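Examination of the molecular architecture
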Amino acid sequence: RAWPQGRWPYAMVIPMAAVFWQRLSRRINPGASHPEFFMEATYFWIGFVIMLSLCLAFRDALAVASWALDRWRGTDLFPWFGGKSIRIAFAAGVAAFAYGLYEARAVRIRDVVIRTDRLPAGTDRLRLVLLSDLHLNPTTGTATIQRIVDMVNARRPDFVFLAGDVVDGLFS
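Note that the coordinates shown come from a computational prediction; the quantities given were computed from them, not determined experimentally.

1. Focus: the layout of surface pockets
- Of the voids in this model, the largest pocket is the one considered here, and its volume is about 2,000 Å³.
- Considering the residues around the largest pocket, the lining is formed by 50 residues, among which Val107, Arg108, Leu130, Leu131 and Ser132 are closest to the centre.
- If you list the elements that add at least two residues to the lining of the largest pocket, you get helix H2 (36-73), helix H3 (83-105), strand S1 (128-132) and helix H4 (142-154).
- For the lining of the largest pocket, the leading source of residues is H3, giving 7 residues.
- Residues that form the lining of the largest pocket fall into these classes: 25 nonpolar, 11 polar and 14 charged.

2. Points about H4
- Helix length check: H4, at 13 residues, gives a terminal C-alpha distance of 18 Å against a target of 18 Å (1.5 Å per residue), a fit within 8%.
- Backbone geometry just after H4 places Arg156 at a positive phi near 50°.

3. Here we look at the environment of Asp158
- With respect to the helices and strands, the residue Asp158 is situated in the loop between H4 and strand S2 (159-164).
- Considered as a pair, Asp158 and Arg125 are 33 residues apart in the sequence and their alpha carbons are 9.4 Å apart.
- In contact with Asp158, not counting residues within four places along its chain, are Arg125, Leu126 and Arg127.

4. Considering unusual backbone geometry
- Even without being glycine, Arg156 reaches a positive phi, approximately 50°.
- Relative to the elements of secondary structure, Arg156 occurs in the loop between H4 and S2.
- Residue Arg156 is classed as exposed on the basis of its relative accessible area of 60%.
- With a phi angle near 50°, Asp165 is a residue other than glycine that sits in the positive phi range.
- Among the secondary structure elements, Asp165 is positioned in the segment after S2.

5. Focus on the side chain of Arg59
- With respect to the helices, strands and loops of the structure, Arg59 is situated in helix H2.
- Among the residues examined, Arg59 registers a relative accessible area of 16% and is labelled buried.
- A polar contact of 2.9 Å, which involves the side chain of Arg59, links it to the side chain of Asp60.

6. Things to note about the packing of aromatic side chains
- Across all of its chains, the model carries 3 aromatic pairs by this definition.
- Arranged with centres 6.1 Å apart and planes meeting at 80°, the rings of Phe48 and Phe90 form a pair that is edge-to-face. A residue pair is termed long-range when its members are at least 10 positions apart, and Phe48 in helix H2 and Phe90 in helix H3 qualify at 42 residues.
- The class of Phe90 is partly exposed, set by a relative accessible area of 41%.
- With 5.7 Å between their ring centres and 80° between their planes, Phe48 and Phe97 make a pair best called edge-to-face. Remark: Phe97 occurs in helix H3 and Phe48 occurs in helix H2; sequence separation between them is 49 residues. Comparing Phe48 with Phe97 shows no difference in burial state: the two are buried.
- Ring pairing ties together the aromatic residues Phe48, Phe90 and Phe97, which thus form one cluster.

7. A word on the confidence of the model for the protein chain
- Of all residues in the protein chain, 69% attain a pLDDT of 70 or more, and the chain-wide mean is 77.
- By mean pLDDT, the top-scoring element of the protein chain is S1 (92), and the lowest-scoring one is helix H1 (residues 8-28) (67).

8. Quick word on the environment of Ile145
- Here Ile145 lies in helix H4.
- For Ile145, a relative accessible area of 30% translates into the label partly exposed.
- Sequence separation of Ile145 and Leu134 is 11 residues, and the distance between their C-alpha atoms is 9.3 Å.
- Not counting the four nearest positions on each side in its chain, Ile145 is found in contact with Leu136 and Thr140.

Rules used in this analysis
- Residues numbered from 1 in each chain as written.
- Predicted model: local features only at pLDDT ≥ 70, side-chain atom pairs only at ≥ 80, totals over all residues.
- Heavy atoms only, no water.
- 1 Å grid on protein atoms, 1.4 Å probe; cavity = no way out; pocket = protein on both sides within 12 Å on 5 of 7 lines; lining within 4 Å.
- Points joined across faces, edges and corners; volume = space filled by probe spheres on them.
- Helix = DSSP H or I, 4+ residues; strand = E, 2+ residues; numbered from the N terminus.
- Nonpolar A, V, L, I, M, F, W, Y, C, P; charged D, E, K, R; others polar.
- Expected span 1.5 Å × (residues − 1).
- Contact = heavy atoms within 4.5 Å.
- Buried < 20%, exposed > 50% of the residue type's maximum accessible area, 1.4 Å probe, protein only.
- Polar contact = N/O pair within 3.5 Å; in protein donor to acceptor, adjacent residues only side chain to side chain.
- Phe/Tyr/Trp six-rings, centres within 6.5 Å; stacked < 30°, edge-to-face > 60°.
- pLDDT = per-residue confidence, 0-100.

Okay, structure coming up:
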């Protein structure tokens, strides 16, 4: 069998085709409105499938190692490794995906005080804000961007620096 049987191939190919079509339609007709919710849902699904695939690949690597150890030692080292390990890998994939969603939306503020006598005369302090790894993309809502802007403005900075990884992909 060249093509995997069951519904999983479609569950992986259809969201990838949807993202491809979304990007292609943006290039063909950049002024048209595009369904952002559809794009966000497909990105989430692809992220979930990737995390699940990584967990299942790790499970398979453990299964091969277990099989090799069983053959070498002549004992059944992990008798529970059958059906339960699939459920464990699935749960780990869901947990990794949920953690990734949390981390993608988390904004961390870290205050650092640097004492120096090299400030220009008449300046007692400078307040700097360094933003990095925002990874703004087509699924980033305006509410998220506004929340970041409000957090920066609440610090009342003298200067704002963007360190990198500000934008992912193409969006307007």
